[in-house]
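Per-entry structural report
One letter stands for each residue in the lines below.
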Amino acid sequence: MIFSLQGIVQELTPTYAVINVNGVGYYTGISLMTSQQLTLNKETFLFIQQIIREDAHLLFGFHTRLEKEMFNLLISVNGVGAVSALILLSTLSLEEIATAILSGNGAVIQKAKGIGAKTAERIIVDLKDKVQKFATTEANISSFENNKVKEESLSALEVLGIPKRTSEKIADRILKQIPEITIEELVKQILKNI
């Protein structure tokens, strides 16, 4: 079983790449996400999923291990073939797929060409418990950052003798307006608004 390939990108299209490993060209199906990470005539490393059928031995290449894991989860769903899984990975990011599955949003999954309502429903039902780790969405990350900034700012203000309850409401209001504010700036803004 081929696990990975390291070699020169000999041919590159949005849907497949030929990776030349010591003179042997391996044809690998890829998603748009992986295609954008490759450069023609440059060395690359791809995680490979090999699928052996009666009529063909197919290779699918992925720039990240996570993309390969999502591909394998998708093809484990009845009615989702390798091509459909690659189209879905080309249409949506890993986070978008996971968020759509976790929130039961079949309409988002159906944006991928060839995936109908029934298949989208099956993907949601089959994978709901398996895609948690892919859903570190931008929103989750930024809200985590905001909480850190808020907590540190409130601690600094408590040291200055300002009760947490007083500054917390002001902090929430400012964070809504300026989500990417720094701790120092937030402390200054709260002090101005007390």
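Residues numbered from 1 in each chain as written. Predicted model: local features only at pLDDT ≥ 70, side-chain atom pairs only at ≥ 80, totals over all residues. Heavy atoms only, no water.

In this section: the environment of Thr-15. Inspection of the secondary structure assignment puts Thr-15 in the loop between strand 1 (4-12) and strand 2 (16-21). Note on Thr-15: relative accessible area 53%, which makes it exposed. Measuring from C-alpha to C-alpha, the distance between Thr-15 and Ser-35 comes to 7.2 Å, with 20 residues separating the pair along the chain. Contact partners of Thr-15, with chain neighbours within four places excluded, come to Thr-28, Gly-29 and Ile-30. (Helix = DSSP H or I, 4+ residues; strand = E, 2+ residues; numbered from the N terminus. Buried < 20%, exposed > 50% of the residue type's maximum accessible area, 1.4 Å probe, protein only. Contact = heavy atoms within 4.5 Å.)

Moving on, we come to the pairing of strand 1. The side chains of a regular strand alternate between both faces of the sheet. Strand direction decides the pairing type here: strand 1 and strand 4 (residues 43-52), joined by 5 bridges, are antiparallel. Bridging across to strand 4, Leu-5 finds its partner in Leu-46. Where strand 1 meets strand 2, 4 bridges bridge the pair, whose relative direction is antiparallel. For Ile-8, the partnering residue across the bridge sits in strand 2 and is Asn-20. As consecutive antiparallel partners, strand 1 and strand 2 are separated by 3 residues. (Pairing = 2+ DSSP bridges.)

Let's shift gears to the side chain of Gln-50. Along the chain, the position of Gln-50 falls in strand 4. Within the structure, Gln-50 has its side chain in polar contact with the backbone nitrogen of Ile-2 (distance 2.9 Å). When near neighbours in sequence (up to four residues on either side) are disregarded, Gln-50 contacts Met-1, Ile-2, His-57, Leu-58 and Leu-59. (Polar contact = N/O pair within 3.5 Å; in protein donor to acceptor, adjacent residues only side chain to side chain.)

Where helix 8 (residues 164-177) contacts helix 9 (residues 183-193), the two axes come as close as 10 Å, and the packing angle between them is 120°. Judged on the interaxial angle alone, helix 9 and helix 8 are oblique. Crossing of helix 8 against helix 9: the hand is right-handed. Contact residues: Ser-167, Ile-170, Ala-171, Arg-173, Ile-174 and Leu-175 in helix 8; Leu-186, Gln-189, Ile-190 and Asn-193 in helix 9. In the contact of helix 8 with helix 9, the residues fall into 6 nonpolar, 3 polar and 1 charged. (Axes fitted to C-alpha atoms, helices over the stretch in contact; angles between N-to-C directions. Parallel < 35°, antiparallel > 145°, perpendicular 65-115°, else oblique. Left-handed = near helix turned anticlockwise from the far one by under 90°. Nonpolar A, V, L, I, M, F, W, Y, C, P; charged D, E, K, R; others polar.)

Attention shifts here to the packing of aromatic side chains. Two numbers describe a pair of aromatic rings. These are the distance of the centres and the angle of the planes. Per the stated rule, a full pass over the model turns up 5 aromatic pairs. Between the aromatic rings of Phe-60 and Phe-71, the centroid separation amounts to 5.3 Å while the plane-to-plane angle is 35°, which identifies the pairing as tilted. Placement of Phe-60 in strand 5 (residues 57-62) and of Phe-71 in helix 2 (residues 65-75) is noted, with a sequence separation of 11 residues between them. The same class applies to Phe-60 and to Phe-71, which are both buried. A centroid spacing of 4.9 Å and a plane angle of 45° characterise the contact between Phe-62 and Phe-71, whose relative ring orientation is tilted. Residue Phe-62 shares its accessibility class with Phe-71, and that shared class is buried. (Phe/Tyr/Trp six-rings, centres within 6.5 Å; stacked < 30°, edge-to-face > 60°.)

This part takes up the environment of Ser-103. You can see Ser-103 is positioned in the loop between helix 4 (94-102) and helix 5 (106-109). Since its relative accessible area comes to 51%, Ser-103 is described here as exposed. Note: C-alpha distance between Ser-103 and Ile-194 (91 residues apart in sequence) is 39 Å. Here Ala-100 takes part through its backbone oxygen, which lies 3.5 Å from a polar atom of the side chain of Ser-103.

Bringing the side chain of Ser-31 into the picture now. Mapped onto the secondary structure, Ser-31 falls in the loop between strand 3 (24-29) and helix 1 (32-35). Apart from residues lying up to four places away in sequence, Ser-31 is in contact with Pro-14, Glu-67, Leu-86, Leu-89 and Ser-90.

To continue, consider the UniProt feature "domain: DNA helicase Holliday junction RuvA type" (unreviewed entry) in the chain. UniProt feature "domain: DNA helicase Holliday junction RuvA type" (unreviewed entry): in the numbering of this structure it lies at residues 1-61. Strand forms 59% of residues 1-61 and helix 7%; the C-alpha atoms that close the span are 13 Å apart. (UniProt positions renumbered as here; feature names shortened; annotations may be inferred.)

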